[in-house]
Structure formats: C-alpha cells, structure tokens
Amino acid sequence: MVEDNALDAELITLQLRRAGLPFTVERTWSDQGMRDALAAHDFDVILADHVLPGFSGDRALELACELAPGVPFIFVSGTLSEELAVEALKRGARDYVVKARLQRLPDAILRAIKEGEERRRLLQVENELRGSHQRLRLITDSLPALIAYLDRDHHYRFANQAYVEWHGLAPEDVVGKHARELVGDDGFAGLQEQFDTVLRGQRVSFETLAPRRAGPPRYAQVDFVPELDAEGAVLGYYAMARDISELKQAQSLLKASNESLERQVNERTSALHRSESRLQALFESSFQHQNLLTLDGRIIDTNSASLAAILATKEDVRGAIYCESAWFADTEGVPAIVCQAVLEAAAGNASRHELELRLPTGKRAFEFSFRPLLDHQGAVTAVVSEAVETTARRQAEEALRQSQKIEAVGQLTGGIAHDFNNILTVIAGNVEYAKMLTERLGDAAGNSSRALDNALKGVMRAANVTQRLLAFSRRQPLKSMPVDLNAQVRDMQDMLQRALGELVQLEMVHSPDIWCVEVDPSQLEASVLNLAVNARDAMPEGGRLIIEVDNAHLDDDFSAQNPDVPPGHYAMLRVKDTGHGMSAETLTRVFEPFFTTKEVGRGTGLGLSMVYGFAKQSGGHVLVDSTVGVGTAITLLFPRSAAELPQDRKTETRGLAGYEMQDEATVLVAEDNDDVRAYTVETLRQLGYRVLEAHDGASAMRLLERTDVSVDLLFSDIVMPGMSGWELARRALAHKRDLRVLFTSGYPRDIDASGAVGKSIAILPKPFTRSDLARSIRGSLRDGTE
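Asker: Would you explain the overall build of the chain in this entry?
Answerer: Counting its regular elements, the chain contains 26 helices and 27 strands. Within the chain, the fraction of its 786 residues that count as buried is 44%. Looking at the chain alone, contacts between residues at least 24 apart form 62% of all its contacts between residues at least 6 apart.

Laid out in structure tokens, this is it:
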C-alpha cells in the first residue's frame, strides 16, 4: 500500500476486513520505501494513492512495471479523474477506485488478482506453444518417418527432415508441392481411395511400397489423419510414413493447436476496449442515480437509473440546468437546495441531503450527495451528483413504527381489560344477586328490579367494550375452525341489509373455488358487521357497499410493498364502499382503540381495532386503501388452510341444564383477585357445591396433593402471579387424570402458547353472571360424567 495518509490507510484496511478478505499489508509512501518493499517481498497486489509528498502515483506505477511487472497495480485515490484513470490503465494499471467509494475496492482487488493470474497463464501458454513448435520440429526431424501436413488440395504445408533421405528434397523445398509431384501420377492414382476417405473426415491406415531417393522402394506403413474444424469440416490431413522394416510401432502422432495471430490481436484489442469502457459500464449499470455536471450546474452525462426516474433520455436532459430539470422542478423548495449544493461542490465542498421528490414516476425519497471531481492537480473540474433511493426503507421504517405502536397499545389495553373484567365480574354478580333478592319481594320491590336490570345491561355493555379491547390486543380466546368464506358471508346478507338500511346498495362477489381458512366464525361475522356499519356511516347520503370474496397469491413484490405480509396463498375478504374516504393522517391511526372520526355518541372507536386484533390473532393481515372523496377498501387476508371446506354448518343450542347441580361435587376455586374469589366462592356455595379456595396456583396444588381432599372440578383463573392457570392445569391433570378443569379470565395471556391444555378446556370469560357461572360449572361436571 503506497499511501501517506494514515487515516486513509486505516479506512482501506477496514473496508478489506469488512469484505472478509484474508490479507496482510505493508505500507510505504516513498520511492526508496517502495523499492525496498518490492525487493524484500512478493506481493499479490499494489494499492497506490495518486498524490504523494515527494513521490507520485505515476512514479509508483513506473516502479511497479519495472520491478514487479506481474503484480496487479490499483490506484486508490480521491483525486483521480476519468481521463487520468484511462491513461493509467493504458500504462499498466489494472483498475482505479475512488476513495469516496471504497466499497468497490475488495471486488477490484479480487478482479485484478484474477486477471493477473489469467495473464500469467496466457504467457505460460504462449511460451509453451513456442516450445511446443520447437519440440515438434526437433522431434519430427529426429524421427526416421516421413511426416507431413497437406491441405484439402493435397499441397504440402509441412514436411520433416526425413524427406531429404527419402526424396532428396529439403523440407522447405517440399512445402507448396502437390503430392503427385512426389509419388508420381501412378502412385497418386493408386492412393485416390485413401485420399477420398481422409477428405471425408475418416482416418486411413494402409501399407504400401514407397519409393526412395536411393535404393529400391521400401515397404511403409502410412497413416492419413484428417484435421477438422469446430463444425467437423476437413481442413487438411497429416501424412505419416514409417519404414516398417525398421520400425515396429508408431513413434508419435502429431498434435498441435495454434491460435492465429489475427485472433490474438483481436482478443488483445477487445481486452483494451473492455478496459477503456469499464468506467462507462460502471456508470451506466449502477443502481444509484448518477449525474455529471459542469461547474455552473449543467448536465454533462447521466446514467440509466437516473433517467428511468423521470422517463427521459440523455438527449432530453443533456445541457439542461440540473436544479431546474424534471428531477426537482415539481417539488417545492428543492430546486434552491440543489442549486446551492451544486455551487458548494463547485467550490470544493461536498454535501449530503435527504430529499423527497415528486417525479413523473411518483413520489419517491432519495439520499443525495454532491461532491467535486478533482483533477491530478486538485483543481475542481466537474460536479458529481449521486442519489440512493430510500423510499422502500422509509416505508419499512414507518410500517415498523406503526406496528410497534399498535403492539404497545395492545399490551396496555389488554392489561386494562383484565383488571376491568375482574371489577365487572364482581359488579355483575352482585347486581344479579340483588335482582334475585328484589324479585322475591314481588310488587314491593317497585322500580328496584328495573333499575337493577338497567345496571346489568350497563355491565354487559362494558363487558362488550372489554371484549373488543381483548380482540385488539389479540388476547381473546378464539374457536378457530374450517370456514367457507362464501357461505359465511352469504348467510349474513339479510342481517347486513337490515343494518345498512335502504340508502346503501349491497353487492356481494363470491369466488367459485374459494380456499378454506381456519378462523372463529362468530368473530368473523362481528368483523364483517363492524366494517359494514363503518362503511354505512361513511355514506350518509347512500352509496354502494361491495363485499368481495376471492383467493389471492401474494408474491415477493407484494411483500416488499407490505413488509408485515409474507408471500403465500391467502383467502381474501374485501369490504369496499363509495363513502367520503379517509385522509393520510387518519389512516395512520385507524386501528388505534378509541380513535374515531365520528361525532360523540355514534361510536366507541373499537370497531376497526377489534377487526385488526381478530385478523392478527388468526394469523392474517388487514390492508386499508382509502382516498378522500372516492371511498375506502378494507381487505382481510387469512392464510390458506389444508383442511377441507365445511359441507354444512350446525347451530349449537343451549338448554337450561346449566342451572342444575351435581350432588356431592367439590369445586376448587383458584383466583388471585380477592373480590372475584369471594364472589365466586359465595355463589357456588349458594348453588349447593362444596367449595375450596386458593389465592394462587401453588396453594391450589397443595390442596390437590393432600390425600384427605377430593376435588371434582378445578375452576382457575388463567392470569395469576407465580404460576399461570395453564401451568396449574397441566400439573393438576398430571396428578389426577379424571379431574375436570374450567378456566376463567378477563385477559387470557399467552393463549397461543397454552398447548393441548388451552385447546381442550373451556374458558368462561370475565365478567360472568351467576347464571353463566352455574351453567359453565354444571357443563364441565356433566362432561366428566358422560
């Protein structure tokens, strides 16, 4: 490394390490230092700055060519212009890398080393080829056999020294003669069949009497071997005649392969052209937007990536003022920023800017850099503008921020719902108990029974709000099963029409081959109804609501635009209206709980948040597309299931058996909330059950492990400190296999990780009333006796 700047040397070394290249480096910055280094070591590559104190990159290149001509030489400089780079390549440098783009250096080094190896191999092949020719002549001349090469017209193109002994002709006298001149007309006619055979591309071997210059003819073994080109055409043939009276086996077969001078010249010329065009190729193939400007800001050249952004050609922009061109003209305030940046670069000062531009290809974000281009003397000769598009990165960052915000709000709302449901459970139970007592008073109760009814309705409405909060936080228990979206939506048509009213026209589009999905049907219906009601409110003067069901195969391009949606097969349910649409600001908050654009009293702001939570908990996704004044389309995507589509759907019916008791049943209540536990224990005792109580999972296990205690049913909260309800049930069932278990929770945390226990045991959601508790306890005990 010929580099006087220690910081630059460190940056270069860091870049090579970052690229994973195994290397050692020796640094110098003087003539003598370079001479000493080249004399002491063998190097794989030489990296040199162009401007050095008391020394120069050009002199370093001369020393390298003189002392280590086979070692690739690469300029690494911040002051190297295109013209100097091309000139350096002509003088022997292998490549150049601008210090501002050191990320190219590892590839340049590997490419230079590879090219050096190829040059050494070529030189070796050329030397071997010359040696081969010399050896060929030496060998053929040393053999007593006649060896010659003839073209298709039977003219000699090569003959060995043996022709002197056989025919009295020196090899150079034989070349150019026709075979007939050496073997005579009769001899040539006698060999016509063999000549025809070899010209058809077949090897010929035969014995004949061959005349000699002195003495009688000798019996010879003659071989004709055709030479074929790449397409199989015969170019000529080799003729070998051995005196088989002295020789008993063939001595050698000629084999030669020589590239013509013209091909070598063409290849070397092509290599030079490739070297000269490398800079332009790099410029054109770069994914960055690159522009070369004059010092007064006019466009000299621009690459394909930059032109594609404005749908223009080089002829359209060459000579135009850069800051007033189509890249910046339609974006307010940007032309002034660009003009100032170009002026600063022309003065020698580089700058960076993050710009969001309105281009003919759409609104896109870029990170621009403006820097001066210096000649070998350090004078600014031009301005380089480079831009990297950051649109996709910004979209991904925004999507991540939104996802994190939704997740954080979801955790908060889930925790609130848990505590709120515990409170509602106590309120609902006591209100219902008070209602039961007042009903015994008959007419004497007066308006008390009606007031308690209203209070209970209020509790149930509050419970509905908490259920929506749980849906948003993805903590509600779902009963996922195979669902036919066509049938599910079709069965809702009458209900949807009533909800939409007369002003909204409902249209349903079904797919004949819809894929099966696994979701909770009741939550799906609630989601569709929520979306339909929102769409109705967005069309106060009427409009069209389209519910579309179809299959969708999402590819990598779609996932790139929607980072949280992996590619794959999905069943799609889209609800599209012709309402007033939503602004960009509203779209960023559309899934937040309690956020609503409706006036007070017309909505809780939990509809879309519930839909979002249900889709995510079902493994699906929600996409929103809305334009102000045009309408909104909300698309639910559910992963395709391998299950079969359901053939029919049966409606579950509930009787009143849940209010009956099982005699002599003992229930263990595990609940960490004191008020909820007290209410539950009291209610069960009023219903006639024997009741044991535990304030956490560990206490419950100690009761279950006692030999003097017999428990028929474990009624456990899911979220408890220390040991969760899931873990308590697993341990309890391992201890007593015939134990019946019923869960309850206002916030079933980690339901997806509950395993077989969570999937096989029913959950009584909080808040619950006395009748809900009685029915669920009776149902769980009855399942254990059937």
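Now that the structure has been shown, we can carry on.
Asker: Mind showing me how you'd approach the sheet that holds strand 5 (residues 95-98) here?
Answerer: Through backbone hydrogen bonds, the strands of a sheet pair up, either in parallel or in antiparallel fashion. Across the sheet, 3 strands lie side by side as 1-4-5; this open sheet has parallel pairing. Each end of this open sheet is capped by a strand with a single partner; those strands are strand 1 (46-48) and strand 5. Averaged over neighbouring strand pairs, the angle between their axes works out to 25° when direction is ignored.

Asker: Whenever I open this one, helix 18 (residues 521-537) confuses me. Can you help?
Answerer: Structurally, the α-helix is built with 3.6 residues per turn, so residues lying three or four positions apart point the same way. A rise of 1.5 Å per residue sets the reference length of helix 18, with its 17 residues, at 24 Å; its end C-alpha atoms lie 24 Å apart and thus fit the reference within 8%. Three or more residues of helix 18 are buried, namely Pro-521, Gln-523, Leu-524, Ser-527, Val-528, Asn-530, Leu-531, Ala-532, Ala-535 and Asp-537.

Asker: Is there a simple way to explain the pattern of salt bridges in this structure?
Answerer: Counted by the stated rule, this structure contains 28 salt bridges. The closest approach of N and O atoms between Glu-386 and Arg-371, which form a salt bridge, is 3.5 Å. Taken together, the residues Glu-386 in strand 15 (residues 380-389) and Arg-371 in strand 14 (residues 362-374) connect sequence positions 15 residues apart. Per residue, the accessibility class of Glu-386 equals that of Arg-371, and both read buried. Of the charged contacts, one joins Arg-536 and Asp-537 as a salt bridge, the two residues approaching to 3.2 Å between their closest N and O atoms. Residue classification places Arg-536 among the partly exposed residues on the basis of a relative accessible area of 27%. With a relative accessible area of 16%, Asp-537 lands in the buried category. Here the salt bridges share partners, and the residues they tie into one network are Glu-3, Asp-8, Asp-49 and Lys-99.

Asker: Looking at this structure, I do not really get the confidence of the model for the chain. What am I missing?
Answerer: Detailed reading of the predicted coordinates is not advisable wherever pLDDT is low. Of the residues in the chain, 78% reach a pLDDT of 70 or more, and the chain-wide mean stands at 79. Taken together, the stretch residues 649-662 has pLDDT below 50 and engages in 25 contacts with residues farther than four places along the chain or on a different chain.

Asker: Explain a negative patch on the surface to me, please; I cannot follow it from the model alone.
Answerer: Among the surface-exposed residues, Asp-42, Asp-44, Glu-117 and Glu-118 lie close enough to one another that they form a single negatively charged patch. Note on placement: Asp-42 falls in the loop between helix 2 (31-40) and strand 1. We classify Asp-42 as exposed; its relative accessible area is 80%.

Asker: When you look at the state of the cysteines in this model, what are you seeing that I'm missing?
Answerer: Note on terminology: a disulfide is the covalent bond linking the sulfur atoms of two cysteines. Counted according to the given criterion, the structure contains 1 disulfide. Across the disulfide from Cys-323 sits Cys-339; the S-S distance is 2.1 Å. Judged by the sign of its S-S torsion, about 55°, the cystine formed by Cys-323 and Cys-339 is right-handed. In this pair, Cys-323 sits in the loop between helix 12 (314-317) and helix 13 (334-346) while Cys-339 sits in helix 13, placing the two residues 16 residues apart along the sequence.

Asker: So what exactly am I meant to see when it comes to the packing of aromatic side chains here?
Answerer: For any pair of aromatic rings, geometry is given as the distance between the ring centres together with the angle between the planes. One pass over the structure, following the stated rule, counts 16 aromatic pairs. Judged by centre distance (6.1 Å) and plane angle (45°), the ring pair of Phe-195 and Tyr-237 falls under tilted. Within this pair, whereas Phe-195 is found in helix 9 (residues 192-199), its partner Tyr-237 is found in strand 10 (residues 234-243), the two being separated by 42 residues in sequence. On the basis of relative accessible area, Tyr-237 is assigned to the buried category, the value being 0%.

Asker: Sorry, what's going on with the pairing of strand 21 (residues 621-627) here?
Answerer: Every other side chain in a regular strand lies on the same face of the sheet, so the side chains alternate between the two faces. Examined bridge by bridge, strand 21 and strand 22 (residues 631-639) share 7 bridges and lie antiparallel to one another. Bridge pairing in strand 22 links Asp-625 to Ala-633. Linkage of strand 21 to strand 22, two consecutive antiparallel strands, is achieved through a turn of 3 residues, within which Gly-629 is found at a positive phi near 85°.

Asker: Even after reading the chapter, I still don't get the packing of helix 23 (residues 697-705) against helix 24 (residues 725-735), so can you show me in this structure?
Answerer: Helix-helix packing: each pair is described by the crossing angle between the helix axes and the interaxial distance. In contact at an axis separation of 10 Å, helix 23 and helix 24 are set at 10° when each is read in the N-to-C sense. Classified by the interaxial angle, the pair formed by helix 23 and helix 24 is roughly parallel. On helix 24, the residues that touch Gly-697, Ala-700, Met-701, Leu-704 and Glu-705 of helix 23 are Leu-728, Arg-731, Ala-732 and His-735. Split by residue class, the contact of helix 23 with helix 24 holds 5 nonpolar, 2 polar and 2 charged.

Asker: Before we go on, may I ask you to explain unusual backbone geometry in this structure?
Answerer: Negative phi values dominate among residues other than glycine, just as trans dominates among peptide bonds. Of note, the phi angle at His-154 is positive, near 70°, even though the residue is not glycine. Looking at where His-154 falls in the secondary structure, it is placed in the loop between strand 6 (146-151) and strand 7 (156-159). One non-glycine residue, Leu-311, lies in the positive phi region at around 55°.

Asker: Whenever I open this one, the sheet that holds strand 12 (residues 299-302) confuses me. Can you help?
Answerer: Reading across the sheet, the 5 strands line up as 12-11-15-14-13 and stay open at both edges, with antiparallel pairing between neighbours. Unpaired on one side and paired on the other, strand 12 and strand 13 (351-359) mark the two borders of the sheet. Taken over all neighbouring pairs, the strand axes of this sheet differ in orientation by 25° on average, direction set aside. Where strand 11 (residues 289-293) lies against strand 12, 3 bridges are found, and the strand directions are antiparallel. Bridge pairing links Asn-291 to Thr-302 in strand 12.

Asker: It is not clear to me how the nonpolar core should be interpreted in this structure. Could you clarify?
Answerer: The biggest cluster of nonpolar side chains holds 35 residues, and the ones touching the most others in it are Leu-485, Leu-496, Leu-524, Leu-545, Ile-547 and Leu-573. Discounting residues that sit within four places of it in the chain, Leu-524 has contacts with Val-483, Leu-485, Gln-488, Val-519, Leu-573, Phe-614 and Phe-638. By size, the runner-up hydrophobic cluster in this structure holds 24 residues, among which are Leu-150, Ala-162, Val-174 and Val-204.

Asker: Explain the packing of helix 17 (residues 493-500) against helix 18 to me, please; I cannot follow it from the model alone.
Answerer: It is at 10 Å that the axes of helix 17 and helix 18 come closest, and there the two elements cross at 30°. With respect to helix 18, the axis of helix 17 lies roughly parallel. Between helix 17 and helix 18 lies a crossing whose hand is right-handed. Residues Leu-496, Ala-499 and Leu-500 of helix 17 form the contact with helix 18, whose participating residues are Val-528, Leu-529, Ala-532 and Arg-536.

Reading the values: the criteria
- Residues numbered from 1 in each chain as written.
- Predicted model: local features only at pLDDT ≥ 70, side-chain atom pairs only at ≥ 80, totals over all residues.
- Heavy atoms only, no water.
- Helix = DSSP H or I, 4+ residues; strand = E, 2+ residues; numbered from the N terminus.
- Buried < 20%, exposed > 50% of the residue type's maximum accessible area, 1.4 Å probe, protein only.
- Contact = heavy atoms within 4.5 Å.
- Pairing = 2+ DSSP bridges.
- Axes fitted to C-alpha atoms, helices over the stretch in contact; angles between N-to-C directions.
- Expected span 1.5 Å × (residues − 1).
- Salt bridge = Lys/Arg side-chain N within 4 Å of Asp/Glu carboxyl O.
- pLDDT = per-residue confidence, 0-100.
- Patch = residues over 30% accessible without salt bridge, like charges linked within 9 Å, V, L, I, M, F, W, Y side chains within 5 Å.
- Areas by Shrake-Rupley, 256 points an atom, 1.4 Å probe, with all protein chains shown as cover.
- Lys, Arg positive; Asp, Glu negative; His and termini not counted.
- Charge placed at Lys NZ, Arg CZ, Asp CG, Glu CD.
- Disulfide = S-S within 2.5 Å.
- Phe/Tyr/Trp six-rings, centres within 6.5 Å; stacked < 30°, edge-to-face > 60°.
- Parallel < 35°, antiparallel > 145°, perpendicular 65-115°, else oblique.
- Nonpolar A, V, L, I, M, F, W, Y, C, P; charged D, E, K, R; others polar.
- Core = buried A, V, L, I, M, F, W, Y, C linked by side-chain atoms within 4.5 Å.
- Left-handed = near helix turned anticlockwise from the far one by under 90°.

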